[in-house]
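# Structural description and commentary
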Amino acid sequence: MMFFSRLKIPLFGLVIILFGATAGLAADCYTCHDPAAFQGQVVHEPIAVKNCLACHAPHVSRHEKLLLQREQELCFTCHEKLAAAIAGKKVLHAPLRDGRCSSCHKPHAAEQKYLLQRVGGELCFECHQESRKEYPASHAPFAEGQCSSCHAAHGGDDHRLLKDAGSGLCLDCHEDNSRLRGKHLDRELTTVDCLSCHNPHGGEKPSLLRVVSHAPFSEQNCQVCHAEAQGIDTCLQCHASALASFNYAHNHLGIQGEGNPCVSCHDPHVGDRSGLLPNNVGTACRDCHADTFARQEKSLHKHGNWETCTDCHQLHGSNDVVMLKQGHQVCNVCHDQHKAFIHPIGEDARDPRNQQPMD
Ligand code: HEC
Ligand code: HEC
Ligand code: HEC
Ligand code: HEC
Ligand code: HEC
Ligand code: HEC
Ligand code: HEC
Ligand code: HEC
Ligand code: HEC
Ligand code: HEC
Ligand code: HEC
Ligand code: HEC
Ligand code: HEC
Ligand code: HEC
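Described in the following lines is the structure provided in the data block. (Residues numbered from 1 in each chain as written. Chains lettered and ligands numbered in written order. Predicted model: local features only at pLDDT ≥ 70, side-chain atom pairs only at ≥ 80, totals over all residues. Heavy atoms only, no water.)

### Observations regarding the coordination of the iron atom of ligand 4
All of the protein donors around the iron atom of ligand 4 are His44 (NE2) and His79 (NE2); their distances to the metal are 2.0 Å. For the iron atom of ligand 4, the six donor atoms in the first shell make angles of 85 to 179° at the metal, a pattern classed as octahedral. Placement of the pair is His44 in the loop between strand S3 (42–43) and helix H2 (45–48) and His79 in the loop between helix H3 (71–78) and helix H4 (80–87), with a sequence separation of 35 residues. You can call His44 partly exposed: its relative accessible area is 23%. Among the residues examined, His79 registers a relative accessible area of 32% and is labelled partly exposed. (Donors = N, O, S within 2.8 Å, 3.2 Å for Na, K, Ca; no water. Tetrahedral: all angles 85-135°; square planar, octahedral: opposite > 155°, others 65-115°. Helix = DSSP H or I, 4+ residues; strand = E, 2+ residues; numbered from the N terminus. Buried < 20%, exposed > 50% of the residue type's maximum accessible area, 1.4 Å probe, protein only.)

Next comes the structure, spelled out in structure tokens:
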């Protein structure tokens, strides 16, 4: 039989829950568990005070690795400040949301500060292989693995886990002075969206501009857009022919009232991919279609690559419902075999309730 008395004692500003007089217990555990596995540059405080039973039940537990509670709840019993800090965040980083603190932290001891599993960017690349890129010109903090200078590893209010969604992200390190303004039409930089032109990880050139450049921008013909023309005319002076592609029952032409509707999707200067769009096309749509994103984020199952909206939607305009490319036929482009054995759909299969083609 064991008797636990729960006492709370403040230690380094935290409340630690100790179970009984445990000071000698680690020694008992160490008779079989190699103490070397619990040493390192950084030793977790409860290990330093030899309190194995702060986290483990010695005999049996409902939780794996004989933990007293589910991992995240266990950590939060002592790390209340962190629990409070992330409670109100809109976006939690997936591994934390799933309760796996140990995917990034070692619970006992580590060679890295903050008990991290791996050093710098290696911690992140373990799961984000696709972001491990060698750029001809890497941005210094990216190359040096200072991912946390821009990203909030636990969670934040921005879907990219950015610590600041505006220019504050950059102006923390880059000074808003006349020299820098000189490169940017002398604008006050605090209100400028730096990410619309610069790739924060790296680029082809030291200027870190996104790789697909709009002809008049790369030709330094800033005046053609910044001098006189306003609103949609800024674009129509060279792209008048694009208007025809909006001339459909469902279209995106009137979306911005007096402003320029073209730049709500296209960046007038540079992009990551053809069409002067961001790598993740969904980024351009998120603000206006927040409901659609909220529904997707709640879903357990998502269509693969769903953020490449252009796979299915024709975004200037279309006569088909929800601006699908070729209506329901769009699915056949990739799911070719399916069309042979599905329920009849299309013009020849009308829904008797509303006479619409089945989709
Ligand atoms: C008499 C030897 C012995 C002692 C003493 C001992 N253990 Fe173990 N423990 C083992 C063995 C054997 C295993 C299973 C093999 C392994 O994982 O190393 C194990 C496994 C574990 C595991 C992993 C359980 C799992 O599900 O993978 C934990 C956690 C653990 N022990 C904690 C403790 C703690 C805390 C103490 C001290 C209160 C302790 N042990 C004392 C022998 C011992
Ligand atoms: C702060 C909480 C905490 C304390 C204190 C703690 N552990 Fe653990 N321990 C964990 C967690 C969390 C895991 C599971 C890690 C994982 O799943 O990767 C774990 C896993 C283990 C394992 C299994 C290792 C493995 O790789 O499967 C052993 C053995 C173990 N602990 C022994 C101990 C001993 C002995 C002590 C005291 C010296 C101790 N623990 C103190 C949180 C703690
Ligand atoms: C995706 C990786 C990742 C996950 C998952 C994660 N952390 Fe962290 N954590 C970090 C990094 C990186 C730091 C270093 C602080 C920084 O650079 O902002 C850190 C710092 C900390 C710190 C010390 C500084 C602070 O913010 O208080 C604590 C405590 C902490 N984490 C606890 C947790 C707990 C508890 C969980 C699970 C609920 C967790 N972490 C999940 C990456 C992670
Ligand atoms: C029994 C209380 C207790 C539990 C449970 C606990 N911690 Fe801690 N942890 C502490 C104390 C005390 C410190 C040292 C004070 C501080 O830095 O906040 C600390 C420090 C840390 C640090 C910072 C280390 C550094 O280098 O500054 C991290 C990261 C951390 N804990 C993660 C975790 C994770 C992950 C869990 C769950 C597996 C966990 N803690 C569970 C008490 C606890
Ligand atoms: C244990 C695996 C794991 C680790 C380690 C990890 N992440 Fe993540 N991260 C994920 C998952 C899973 C998602 C959600 C991806 C999704 O929904 O497509 C995610 C999402 C993100 C996002 C949001 C953008 C996106 O692709 O959805 C950013 C930014 C991010 N992680 C950065 C980091 C950084 C920086 C680190 C290192 C501090 C890190 N991650 C460590 C698993 C991990
Ligand atoms: C200077 C700020 C900054 C630094 C440093 C930084 N990131 Fe990012 N990261 C961003 C921004 C901003 C985005 C959003 C995508 C964009 O704007 O191109 C992003 C996007 C991401 C994504 C989402 C997928 C993608 O590429 O869009 C991941 C994953 C990621 N970063 C991981 C990392 C890792 C790992 C490191 C460290 C090696 C790191 N980031 C360093 C600013 C930064
Ligand atoms: C953690 C600090 C830090 C943050 C945050 C940061 N940078 Fe940097 N940046 C640097 C350092 C260091 C260099 C390389 C030294 C230098 O040339 O000034 C650099 C270089 C650059 C360069 C190339 C300069 C040149 O002379 O070739 C550009 C462009 C740039 N950063 C843009 C940005 C943008 C845009 C952001 C925000 C998304 C940002 N930086 C955020 C530290 C930072
Ligand atoms: C309209 C597109 C655009 C926007 C928005 C933008 N930049 Fe730039 N940035 C440029 C161009 C073009 C250059 C010059 C490249 C050259 O001279 O080779 C540049 C150069 C830079 C440099 C390097 C300056 C040097 O010393 O050579 C830094 C640092 C920088 N920008 C940071 C920022 C920051 C911070 C923001 C947001 C406050 C920002 N940029 C917004 C286009 C932009
Ligand atoms: C194809 C038209 C076009 C060209 C060419 C162009 N711009 Fe722009 N630029 C715009 C539009 C549209 C905006 C957004 C409306 C505004 O703020 O004036 C903008 C905004 C900006 C901003 C503010 C960005 C922000 O997020 O607030 C800067 C800085 C800028 N442009 C610099 C330049 C520079 C430098 C050049 C030439 C190298 C240039 N632009 C060429 C159309 C253009
Ligand atoms: C001075 C003439 C001029 C102006 C003004 C202009 N463009 Fe362009 N645009 C071009 C040229 C030249 C190309 C490259 C040739 C081509 O692909 O048609 C181009 C290409 C594009 C592309 C296609 C890029 C690709 O990858 O195929 C888009 C999208 C675009 N412009 C959007 C805009 C938008 C939005 C505006 C208004 C902010 C605008 N343009 C204003 C001349 C202009
Ligand atoms: C709702 C988002 C959205 C709006 C608003 C929008 N576009 Fe597009 N545009 C796209 C997409 C998506 C593509 C296809 C890009 C791709 O897949 O390469 C595209 C393609 C283009 C192209 C490349 C040539 C082509 O037709 O394939 C031009 C030029 C262009 N748009 C100009 C404009 C102009 C001018 C406006 C304003 C009158 C505008 N766009 C408004 C999303 C939009
Ligand atoms: C500036 C705001 C804005 C942006 C940015 C925007 N949309 Fe829209 N979108 C609208 C509005 C408003 C409508 C309704 C138009 C109508 O029905 O006449 C709409 C309609 C749609 C529809 C048809 C929905 C229906 O119920 O018929 C689809 C699909 C769509 N948008 C997808 C996208 C995609 C994908 C992007 C990004 C490439 C995007 N939108 C960017 C405002 C926006
Ligand atoms: C695999 C094909 C496919 C992809 C990829 C796709 N959609 Fe759709 N989308 C559809 C279909 C089919 C509907 C009609 C669904 C319905 O009627 O319930 C639709 C409906 C919509 C609607 C109407 C309102 C709603 O939520 O149902 C919007 C807005 C929309 N999509 C935006 C987007 C955006 C933004 C993206 C990219 C981030 C995207 N879609 C990617 C197929 C797709
Ligand atoms: C650009 C190609 C593409 C288009 C267009 C497309 N799909 Fe898909 N679809 C895929 C891929 C690839 C997968 C597998 C994704 C995965 O495994 O994550 C998939 C998976 C699915 C699945 C899950 C099937 C399974 O076996 O798990 C369904 C259901 C589906 N798609 C329906 C649709 C419908 C309905 C449409 C039309 C609105 C559509 N798809 C359009 C490429 C596409």
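Having seen it, we continue.
### Overview of the site of ligand 5
Taken together, 14 residues lie near ligand 5, and His93, Cys124, Cys127, His128 and Arg160 sit nearest. Taking His93, its side chain carries an N or O atom lying 2.8 Å from a nitrogen atom of ligand 5. Between ligand 5 and His128 there is a distance of 2.8 Å, counted from a nitrogen atom to a side-chain nitrogen or oxygen. Among the secondary structure elements, those contributing two or more residues to the shell around ligand 5 are helix H5 (94–97) and helix H6 (120–125). Along the lines of polarity and charge, the residues of the shell around ligand 5 split into eight nonpolar, five polar and one charged. (Near = heavy atom within 4 Å. Polar contact = N/O pair within 3.5 Å; in protein donor to acceptor, adjacent residues only side chain to side chain. Nonpolar A, V, L, I, M, F, W, Y, C, P; charged D, E, K, R; others polar.)

### Some points on the packing of aromatic side chains
Enumeration according to the criterion identifies four aromatic pairs in this entry. Ring centres 5.5 Å apart and planes at 45° place the aromatic pair Tyr30 and Phe38 in the tilted group. Here Tyr135 and Phe142 contribute two aromatic rings whose centre-to-centre distance is 5.9 Å and whose plane-to-plane angle is 75°, an arrangement assigned as edge-to-face. Summarising the burial analysis for this pair, Tyr135 and Phe142 share the class buried. A network of ring pairs unites the aromatic residues Phe125, Tyr135 and Phe142 as a single cluster. (Phe/Tyr/Trp six-rings, centres within 6.5 Å; stacked < 30°, edge-to-face > 60°.)

### Focus on the site of ligand 9
As a structural note, the neighbourhood of ligand 9 is formed by 15 residues, with Asp193, Cys222, Cys225, His226 and His269 the closest of them. Arg187 places a polar side-chain atom, nitrogen or oxygen, 3.1 Å from an oxygen atom of ligand 9. Among the secondary structure elements, those contributing two or more residues to the shell around ligand 9 are helix H10 (215–218) and helix H11 (223–226). When its residues are assigned to classes, the shell around ligand 9 shows eight nonpolar, five polar and two charged. The two domains that each donate at least three residues to the shell around ligand 9 are domain 2 (118–209) and domain 3 (214–294 + 307–325). (Domains from an automatic or database assignment.)

### So, the side chain of Asn260
With respect to the secondary-structure elements, Asn260 resides in the loop between strand S10 (250–251) and strand S11 (270–271). For Asn260, the side chain forms a polar contact with the main-chain oxygen of Gly231, separated by 3.1 Å. Engagement of the side chain of Asn260 in a polar contact is seen with the backbone nitrogen of Cys262, the distance being 2.9 Å. Setting aside anything within four residues of it in sequence, one finds Asn260 in contact with Gly231, Ile232, Thr234 and Cys235. (Contact = heavy atoms within 4.5 Å.)

### Looking at the environment of Asn260
Given a relative accessible area of 11%, Asn260 falls into the buried group. Residues Asn260 and Thr234, spaced 26 residues apart in sequence, show a C-alpha to C-alpha distance of 8.1 Å.

### Section: the coordination of the iron atom of ligand 1
The protein supplies the iron atom of ligand 1 with one donor atom, His33 (NE2), which lies at 2.0 Å. Inspection of the secondary structure puts His33 in the loop between helix H1 (25–30) and S3.

### Details of the pairing of strand S13 (residues 346–350)
Looking at chain direction, S13 and strand S14 (residues 357–358) are connected through two bridges and run antiparallel. Within S14, the residue paired with Gly346 across the bridge is Met358. Adjacent in sequence and paired antiparallel, S13 and S14 are bridged by six residues, among which Gln355 carries a positive phi angle near 65°. (Pairing = 2+ DSSP bridges.)

### Some words on unusual backbone geometry
Positioned with a positive phi, Leu115 is a non-glycine residue whose angle comes to about 55°. Following the sequence through the fold, Leu115 ends up in the loop between strand S5 (109–110) and H6.

### Quick word on the pattern of salt bridges
Throughout the structure, instances matching the rule amount to 12 salt bridges. In this structure, Arg97 engages Asp98 in a salt bridge whose closest nitrogen and oxygen atoms are separated by 3.8 Å. Overall, Asp98 belongs to the partly exposed group, its relative accessible area being 44%. Of the charged contacts, one joins Glu297 and Arg286 as a salt bridge, the two residues approaching to 3.3 Å between their closest N and O atoms. Linking Glu297 in helix H13 (residues 290–298) with Arg286 in the loop between S11 and H13, this pair joins segments that are 11 residues apart in sequence. Accessibility expressed as a relative area gives 48% for Glu297, which makes it partly exposed. Via salt bridges that share partners, Arg97, Asp98 and Arg100 belong to a single interconnected network. (Salt bridge = Lys/Arg side-chain N within 4 Å of Asp/Glu carboxyl O.)

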